[in-house]
Amino acid sequence: MTARDGKAMMAKSDWAAGLASQRVEDKIATLRTLANQDAVTGLAVACIKLVVDSDEEVRMWAAEALQRSVLPDVDDVETLAELVLYPNDGEIPYWAATMLGRLQSEAVGGVEALQHCLLNSNYLPARERAAWALAQIGPAAANAIGSLEKAAPTAPPRLKQLVREAIQAIGNAA
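What comes next is a walk through the structure.

**A look at the packing of helix α7 (residues 111-120) against helix α8 (residues 124-137)**
Here is step 1: Contact geometry of α7 with α8 gives a least axis separation of 8 Å together with a crossing angle of 145°. By crossing handedness, the relation of α7 to α8 is classed as left-handed. Touching Val111, Leu114, Cys117 and Leu118 of α7 are Ala126, Arg127, Ala130, Ala131, Ala133, Leu134 and Ile137, all from α8.
Here is step 2: A class-by-class count of the residues in the contact of α7 with α8 yields 10 nonpolar, no polar and one charged.

Dropping the structure here:
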């Protein structure tokens, strides 16, 4: 696999070492390069944890890498589900829900956590992303219909629309 700019992609262990570095400069350099890859799996959890780093530039590049090039790995479903329940910051649940949604039906193990986020998060974008992820999971998320219906009546307009779409995606594909 090669980078978008034509440079050879780093080994996974090199990526992981750069993301885990204590030096802010190393994290930023790794995330900047990672954001310019075509697709990289196995680093979603590490990048999600960096969206709440104390350094603003690290946070920005972590989000950029998650948006542009980092793909979830089915082996991370349990950890992603735990991160969806992260209580102290909305960015972590938001990105964990995003990664679960990208796994589609393979993320069925995260449905319960997504339901909890949908109904209990104080961070509206995380609630919206949980509804979106349930729609992406589709029929495998059939047990989430009750939670979706419970969320709908008091939901703001965008969340209400995402809930409707999730119910439709789960029901129509079943």
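**Some details on helix α4 (residues 56-68)**
Here is step 1: Its 13 residues give α4 an end-to-end C-alpha distance of 18 Å, which sits within 8% of 18 Å, the value for a rise of 1.5 Å per residue.
Here is step 2: Buried within α4 we find Val58, Trp61, Ala62, Ala65 and Leu66. Mapping the buried residues of α4 onto a view down its axis gives an arc of 140°, with all of them on the same face.
Here is step 3: In this fold, the buried residues of α4 make contact with α2 (24-34), α3 (44-50), β2 (70-71) and α6 (91-102).
Here is step 4: Near the N-terminus of α4, the side chain that reaches the backbone nitrogen of Glu57, with its oxygen 2.9 Å away, is that of Asp55.

**What about the packing of aromatic side chains?**
Here is step 1: Applying the stated criterion across every chain, the model contains one aromatic pair.
Here is step 2: An angle of 85° between the planes, with centres 5.1 Å apart, marks the rings of Tyr94 and Trp95 as edge-to-face. Across this residue pair, the class does not change: Tyr94 and Trp95 are buried.

**Thoughts on the layout of surface pockets**
Here is step 1: There is about 180 Å³ of room inside the largest pocket.
Here is step 2: Around the largest pocket, the lining comprises 14 residues; the ones closest to its centre are Leu85, Tyr86, Pro87, Ser121 and Asn122.
Here is step 3: Residues of the lining of the largest pocket, tallied by class, amount to seven nonpolar, six polar and one charged.

Criteria and thresholds
- Residues numbered from 1 in each chain as written.
- Predicted model: local features only at pLDDT ≥ 70, side-chain atom pairs only at ≥ 80, totals over all residues.
- Heavy atoms only, no water.
- Axes fitted to C-alpha atoms, helices over the stretch in contact; angles between N-to-C directions.
- Helix = DSSP H or I, 4+ residues; strand = E, 2+ residues; numbered from the N terminus.
- Left-handed = near helix turned anticlockwise from the far one by under 90°.
- Contact = heavy atoms within 4.5 Å.
- Nonpolar A, V, L, I, M, F, W, Y, C, P; charged D, E, K, R; others polar.
- Expected span 1.5 Å × (residues − 1).
- Buried < 20%, exposed > 50% of the residue type's maximum accessible area, 1.4 Å probe, protein only.
- Arc of directions from axis to C-beta.
- Polar contact = N/O pair within 3.5 Å; in protein donor to acceptor, adjacent residues only side chain to side chain.
- Phe/Tyr/Trp six-rings, centres within 6.5 Å; stacked < 30°, edge-to-face > 60°.
- 1 Å grid on protein atoms, 1.4 Å probe; cavity = no way out; pocket = protein on both sides within 12 Å on 5 of 7 lines; lining within 4 Å.
- Points joined across faces, edges and corners; volume = space filled by probe spheres on them.

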